[in-house]
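# Examining the three-dimensional arrangement
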Amino acid sequence: MSTQIRAPVVSTTISVVSHQHIAELGESPVYIPEEKALYYIDATEGEYCRVDTTTGVVSRRSVGDLVTVILPYKNEPGQFIVSRRNELFKLDWQTGERTLLATVAPELGGQERFNDGKADPQGRLFIGTVLEDGNGGVVAGGGSLYRLDGNTLTKVAT
């Protein structure tokens with residue numbers, strides 16, 4: 001079973017939509033035209049964020065650990081794939097409920113953790129990992145690339 005993720009929307013217009021929240025490390029932006037909303041993560045603060053681009057109001061969901069991706073499900077409004085350290089969840093934005101989909105290298109206790117991820121043209125999530133060395137750094141060549149197939153992570157490259 002393949003997970004379908006909505007393809008990104010590409011725009012050539014860039015403008016400030018809010019000064020309400022300044023992210024420590026803002027990444028993974030995705031714009032949902034039907035909602036007039038921009039979603040992104042504040043990685044080091046452990047927050048998934050949403051900006052209403054008509055009002056500039058920012059709402060946040062905090063999980064208290066490193067986050068790296070937020071990607072909308074195709075044909076499921078308000079539903080997202082999100083990461084938290086070495087776990088992937090399905091997030092219902094309205095309720096804040098998260099359902100665990102998969103965990104990478106649970107035997108390493110989060111030392112191998114997710115970094116960046118995006119959907120391919122078929123809507124499959126590809127997500128990379130890095131391997132932390134325990135001293136605040138990363139192990140050179142220690143990460144891998146995974147594909148999410150349903151609730152299973154398939155390693156496609158090391």
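The structure reproduced in this document is the subject of the present report.

With that out of the way, let us pick up the overall build of the protein chain. Along the protein chain, the regular secondary structure elements total 0 helices and 12 strands. Helices and strands appear in the protein chain in the N-to-C order β-β-β-β-β-β-β-β-β-β-β-β. The globule rule puts the C-alpha radius of gyration for 158 residues at 15 Å, and the 15 Å found for the protein chain is close to it. Each of the three principal axes of the protein chain carries a C-alpha extent, and together these read 45 × 35 × 30 Å. In the protein chain, which comprises 158 residues, the proportion classed as buried is 41%. Taking as baseline every contact in the protein chain between residues at least 6 positions apart, the subset at least 24 positions apart corresponds to 36%. For the protein chain, the computed accessible surface area is about 8,500 Å², with 50% contributed by carbon and sulfur atoms.

Each strand in a sheet pairs with another by means of backbone hydrogen bonds, the pair being arranged parallel or else antiparallel. The strand order 5-6-7-8 describes an open sheet built from 4 strands, whose pairing is antiparallel. In this open sheet, the two strands that pair with only one neighbour each are strand 5 (70-72) and strand 8 (98-103). Going from strand to strand, the sheet's axes swing by 25° on average, the running direction of each strand aside. Sheet topology places strand 5 next to strand 6 (residues 79-84); 3 bridges connect them, and they run antiparallel. Across the sheet, residue Pro72 finds its bridge partner in strand 6, namely Phe80.

A few words now on the pairing of strand 10 (residues 125-131). Buried residues dominate strand 10, accounting for 5 of its 7 residues. Sheet topology places strand 10 next to strand 11 (residues 145-149); 3 bridges connect them, and they run antiparallel. Looking at the pairing, Phe126 lines up with Arg147 of strand 11.

Here we come to the sheet that holds strand 3 (residues 47-52). Pairing in this open sheet of 4 strands is antiparallel, and the strands run 1-2-3-4 from one edge to the other. Strands with a single pairing partner mark the edges of an open sheet, and in this sheet they are strand 1 (26-32) and strand 4 (58-62). Averaged over all neighbouring strand pairs, the angle between strand axes comes to 20°, with direction disregarded. Relative to strand 2 (residues 37-42), strand 1 runs antiparallel, the two sharing 5 bridges. Bridging across to strand 2, Val30 finds its partner in Tyr39.

Calculation notes
Residues numbered from 1 in each chain as written. Predicted model: local features only at pLDDT ≥ 70, side-chain atom pairs only at ≥ 80, totals over all residues. Heavy atoms only, no water. Helix = DSSP H or I, 4+ residues; strand = E, 2+ residues; numbered from the N terminus. Rg over C-alpha atoms; globule rule 2.2 N^0.38 Å. Buried < 20%, exposed > 50% of the residue type's maximum accessible area, 1.4 Å probe, protein only. Contact = heavy atoms within 4.5 Å. Areas by Shrake-Rupley, 256 points an atom, 1.4 Å probe, with all protein chains shown as cover. Pairing = 2+ DSSP bridges. Axes fitted to C-alpha atoms, helices over the stretch in contact; angles between N-to-C directions.

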